[in-house]
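Given next are the chains, with one letter for each unit.
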Amino acid sequence: DQQVKQNSPSLSVQEGRISILNCDYTNSMFDYFLWYKKYPAEGPTFLISISSIKDKNEDGRFTVFLNKSAKHLSLHIVPSQPGDSAVYFCAASVYTNAGKSTFGDGTTLTVKP
Amino acid sequence: DAGVIQSPRHEVTEMGQEVTLRCKPISGHDYLFWYRQTMMRGLELLIYFNNNVPIDDSGMPEDRFSAKMPNASFSTLKIQPSEPRDSAVYFCASTPRARGGSEAFFGQGTRLTVV
């Protein structure tokens, strides 16, 4: 049973437009969520996180939205830039053990110039 | 700090051979994680340590896999004997504390190919 799902393996957007990446989870115990970005031949790097006590967290061009009732979160990138092209992983955890995360399969984002 | 350092970056070995992957976490980080990435299973947690002590190894696939952390600055993941299905990218990650707000810092990974 996959507890964290990213149903879109890939997404292509035009530079300057909004990118929306989606993630669903099934485990009600998860209360802390993270997004990581991964370039080829590199390890994932942390992008942004959100606790279940919030429904939105913003950091520059990146905003994560959390809908607890739907067990759904999304990452918005506005405006998208070619350098944002990467694989984005959604991860879920329990706050008291946030280092131990369950990852989704990732979404490959391509931003076209 | 140089970040999490993994070695080797690439490893090609024959089936049945022993393979040892190495990791140096970021200094001061009390938690160390070993992840494996495959096409079939995505990014999955194998084992993690707190202050050099293994806390959860439920993700270790088989007894052929073992991990150690003899001190705060070094960990190994060993596969003996290796099999072609072990081919994957293995990531080591560290974090300073368990609670939220401390995301994991990943190494660049070791790409293992077992032929």
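Residues numbered from 1 in each chain as written. Chains lettered and ligands numbered in written order. Predicted model: local features only at pLDDT ≥ 70, side-chain atom pairs only at ≥ 80, totals over all residues. Heavy atoms only, no water.

1. A short note on the sheet that holds strand E1 (residues 4–5) of chain A
Residue and element names in this part refer to chain A. The strand order E1-E3-E8-E7-E6 describes an open sheet built from 5 strands, whose pairing is antiparallel. The sheet terminates laterally at E1 and strand E6 (56–59), the two strands that pair on one side only. Of the strand pairs in this sheet, E1 and strand E3 (residues 19–25) are connected by 2 bridges, and their pairing is antiparallel. Considered in E3, the bridge of Val 4 is made with Tyr 25. (Pairing = 2+ DSSP bridges. Helix = DSSP H or I, 4+ residues; strand = E, 2+ residues; numbered from the N terminus.)

2. What about the pairing of strand E8 (residues 74–79) of chain B?
All names here are of chain B. One ladder, built from 5 bridges, connects strand E3 (residues 19–24) with E8; its direction is antiparallel. Of the residues in E8, the one forming a bridge with Leu 21 is Leu 77. Relative to E8, strand E7 (residues 65–71) is paired through 5 bridges, and the arrangement is antiparallel. Paired with Ala 67 across the strands is Leu 77, a residue of E8. A loop of 2 residues connects E7 with E8, the two strands running antiparallel in sequence.

3. Some details on the layout of surface pockets
The computed volume of the largest pocket comes to approximately 660 Å³. Residue lining of the largest pocket: 31 residues in total, with Lys 38 and Phe 89 of chain A together with Gln 37, Thr 38 and Met 39 of chain B positioned closest to the centre. Looking at the lining of the largest pocket, the elements that each hand over two or more residues are strand E9 (86–93) of chain A together with strand E4 (31–38), strand E9 (88–95) and strand E11 (110–114) of chain B. Among the elements that make up the lining of the largest pocket, the one with the highest residue count is E11 of chain B (4 residues). (1 Å grid on protein atoms, 1.4 Å probe; cavity = no way out; pocket = protein on both sides within 12 Å on 5 of 7 lines; lining within 4 Å. Points joined across faces, edges and corners; volume = space filled by probe spheres on them.)

4. Here's the deal with the environment of Ile 48 of chain A
Residue and element names in this part refer to chain A. Counting through the fold element by element, Ile 48 comes out in strand E5 (residues 45–51). Judged by its relative accessible area of 2%, Ile 48 falls in the buried class. Between the C-alpha atoms of Ile 48 and Tyr 36, which are 12 residues apart in sequence, the distance is 7.3 Å. Not counting residues up to four positions away in its chain, the partners in contact with Ile 48 are Phe 33, Leu 34, Trp 35, Asn 57, Glu 58, Asp 59, Phe 62, Thr 63, Val 64 and Leu 75. (Buried < 20%, exposed > 50% of the residue type's maximum accessible area, 1.4 Å probe, protein only. Contact = heavy atoms within 4.5 Å.)

5. Topic: the environment of Ala 104 of chain B
By the secondary structure assignment, Ala 104 of chain B is in the loop between E9 and strand E10 (105–106). As for Ala 104 of chain B and Thr 13 of chain B, which are separated by 91 residues in sequence, their C-alpha atoms are 29 Å apart. Those residues within four positions of Ala 104 of chain B in sequence are excluded, and the remaining contacts are Tyr 36 of chain A together with Ala 93, Ser 94 and Thr 95 of chain B.

6. Brief notes about the interface of chain B and chain A
Counting residues at the interface gives 21 residues for chain B, matched by 19 residues for chain A. Our count for the chain B to chain A interface comes out at 1 salt bridge. Of all the elements, strand E5 (residues 42–50) of chain B adds the most residues to the side of chain B that touches chain A, at 4 residues. (Salt bridge = Lys/Arg side-chain N within 4 Å of Asp/Glu carboxyl O.)

7. What to know about the packing of aromatic side chains
One pair of aromatic rings is described through two measures. These are the centre distance and the angle between the planes. Enumeration over the complete set of coordinates arrives at 12 aromatic pairs over all chains. A ring pair is formed by Tyr 25 of chain A and Phe 30 of chain A, whose centres lie 6.5 Å apart and whose planes are at 65°; its orientation type is edge-to-face. Each member of the pair, Tyr 25 of chain A as well as Phe 30 of chain A, carries the same accessibility label: buried. Here the aromatic rings of Tyr 36 of chain A and Phe 46 of chain A are separated by 6.0 Å at their centres, their planes lie at 75°, and the arrangement is edge-to-face. Pair noted here: Tyr 36 of chain A is in strand E4 (residues 32–38) and Phe 46 of chain A is in strand E5, with a separation of 10 residues, a long-range link. You can call Tyr 36 of chain A buried: its relative accessible area is 1%. An aromatic cluster is defined as three or more aromatic residues linked by ring pairs; in this entry it consists of Tyr 36, Phe 46, Phe 89 and Phe 103 of chain A together with Phe 33, Tyr 35, Tyr 48, Phe 91 and Phe 106 of chain B. (Phe/Tyr/Trp six-rings, centres within 6.5 Å; stacked < 30°, edge-to-face > 60°.)

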